[in-house]
Amino acid sequence: MSLIRLSSPHVYKANSTANVMRLVMLAMLPGILAMTVFFGWGTVIQIIWASLLALGFEAVILKLRKRPVLFHLSDGSAIVTAMLLAVAIPPFAPWWMTLVGVFVAIVLGKHLYGGLGQNPFNPAMVAYALLLISFPVEMTRWTAPFVLNGDGWQIAPFLDTLKAIFAAADNLWYDSFTGATPLDEIRHRGGLTTEEAWRQSTVLSQGIGAWHAVSAAWLMGGIFLLYRKVITWHAPISMLLALALCSSMFFGFDPDNYADPFFHLSTGATMLAAFFIITDPVSSATSNRGRIVFGASIGILIFIIRTWGNYPDGVAFAVLLMNLAAPFIDIYTQPRSYGHNRAKKGQGGKA
């Protein structure tokens with residue numbers, strides 16, 4: 001009887017880049033919907049504007065590089081990068097800041113290194129970090145989840161939000177629709193204890209449910225990606241566990257000065273980062289053990305930056321630092337080859 005000779009990989013269904021990007025876009029819909037419900041139309045407007053800019057910059061660069069424009073535009077990677085950046089920046093961010101961010105993400109973060117698959121850093125996080133350092137005022141003016149007035153809770157109307165983004169100088173009224181985030185309130189609470197800051201802050205005592213809902217929506221999208229096997233559990237779960245473990249240790253030691261684990265997991269960009277940013281197959285570690293180390297390191301760095309750094313949320317900086325370390329992690333977490341006792345590790349080939 002003759003044997004069937006087939007070499008790996010044993011894949012029975014194509015999973016192209018375009019299909020993966022479409023699944024990622026689909027998984028982002030719950031988070032986008034939740035942000036729109038609680039923070040207004042700014043997120044949708046930013047996504048549309050950033051996507052148009054990303055397609056334009058991508059087309060120009062591809063033309064300059066003499067690459068097939070339509071072929072590369074159809075893979076959807078530029079739109080996914082634009083969407084990740086758009087949901088990370090404040091909904092009322094001015095149009096020119098989004099333009100700068102998308103330019104940096106597409107031109108410098110992606111094509112400067114050779115295009116899709118060659119970039120060592122996550123393009124969206126490169127752009128976000130540059131915007132945060134260059135325009136700290138605009139990047140910290142986050143939209144309040146709702147504003148209390150005589151008629152109850154409401155968000156800014158669509159047309160007013162559109163004017164605020166594209167004609168911000170003439171529409172300073174939107175300051176009444178902006179405020180600090182929960183991470184801002186905890187990070188800059190002065191001499192107050194965590195409990196005192198919670199009682200005195202309207203954002204923490206009345207509005208934090210909006211951030212919980214948005215985080216739950218990103219979690220739903222992440223579960224969908226895990227179910228469709230677009231990503232693996234190693235990096236997201238290790239990041240969340242590391243962040244929860246660090247916050248639990250310090251909260252248990254001194255609850256007056258440190259936030260509880262649930263606060264860290266359910267506010268800021270924690271869930272977005274865990275399932276949509278650190279799982280980037282290009283800029284993260286490649287082996288399963290490497291992904292665990294990669295994700296856990298990001299979780300630890302996020303806690304360190306949030307607790308002792310100058311920025312309330314340290315996702316972008318943590319991701320970029322570990323993007324830089326990803327090749328080193330891959331060297332020392334190579335899986336064992338079949339039939340061998342130990343994998344050869346290190347650049348010198350010594351175990």
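Note that the structure is predicted; figures quoted are calculated from it, not measured.

Engineer: In this structure, what is going on with the nonpolar core? I would like to understand it.
Structural biologist: Nonpolar side chains in soluble globular proteins tend to end up buried together. Core analysis: the biggest nonpolar cluster contains 76 residues, and Met28, Met125, Tyr128, Trp218, Phe276 and Ile298 have the highest contact counts within it. Setting aside anything within four residues of it in sequence, one finds Phe276 in contact with Val24, Ala27, Met28, Leu84, Trp218, Gly221, Gly222, Leu225 and Met271. Counting six residues, the second-largest nonpolar core is a separate cluster that includes Leu183, Leu204, Ile208 and Phe263.

Engineer: What is the right way to look at helix H4 (residues 77-88) in this model?
Structural biologist: Given 3.6 residues per helical turn, the α-helix brings residues three or four places apart onto the same face. Between its terminal C-alpha atoms H4 stretches 17 Å, which fits the 16 Å expected from 12 residues at 1.5 Å a residue. With 11 of 12 residues buried, H4 is to be regarded as a mostly interior element. Considered for burial, the residues of H4 that qualify are Ser77, Ala78, Val80, Thr81, Ala82, Met83, Leu84, Leu85, Ala86, Val87 and Ala88.

Engineer: Got a minute to help me understand the layout of surface pockets in this structure?
Structural biologist: The probe, sized like a water molecule, is rolled over the atoms to show the empty space still left. The space that makes up the largest pocket amounts to roughly 750 Å³. Looking at the largest pocket, it is lined by 33 residues, and the ones nearest its centre are Met21, Thr279, Asp280, Pro281 and Val282. Elements represented by at least two residues in the lining of the largest pocket include exactly helix H1 (17-39), H4, helix H6 (123-134), helix H12 (234-253) and helix H14 (270-277). The residue inventory of the lining of the largest pocket, partitioned by class, reads 19 nonpolar, 10 polar and four charged. The calculated volume of the second largest pocket comes to roughly 540 Å³. What lines the second largest pocket is a set of 26 residues, among which Ala88, Tyr128, Trp142, Gly268 and Asp313 lie closest to the centre. Of the residues contributing to the lining of the second largest pocket, the split by class is 21 nonpolar, three polar and two charged.

Engineer: Even after reading the chapter, I still don't get the side chain of Ser77, so can you show me in this structure?
Structural biologist: Position of Ser77 relative to the elements: it lies in helix H4. On the accessibility criterion, Ser77 (4% relative accessible area) is buried. A distance of 2.8 Å separates the side chain of Ser77 from the side chain of Lys110, its partner in a polar contact. Those residues in contact with Ser77 that sit more than four places away from it in its chain are Met21, Glu58, Lys110 and Leu116.

What counts, and at which threshold
- Residues numbered from 1 in each chain as written.
- Predicted model: local features only at pLDDT ≥ 70, side-chain atom pairs only at ≥ 80, totals over all residues.
- Heavy atoms only, no water.
- Core = buried A, V, L, I, M, F, W, Y, C linked by side-chain atoms within 4.5 Å.
- Buried < 20%, exposed > 50% of the residue type's maximum accessible area, 1.4 Å probe, protein only.
- Contact = heavy atoms within 4.5 Å.
- Helix = DSSP H or I, 4+ residues; strand = E, 2+ residues; numbered from the N terminus.
- Expected span 1.5 Å × (residues − 1).
- 1 Å grid on protein atoms, 1.4 Å probe; cavity = no way out; pocket = protein on both sides within 12 Å on 5 of 7 lines; lining within 4 Å.
- Points joined across faces, edges and corners; volume = space filled by probe spheres on them.
- Nonpolar A, V, L, I, M, F, W, Y, C, P; charged D, E, K, R; others polar.
- Polar contact = N/O pair within 3.5 Å; in protein donor to acceptor, adjacent residues only side chain to side chain.

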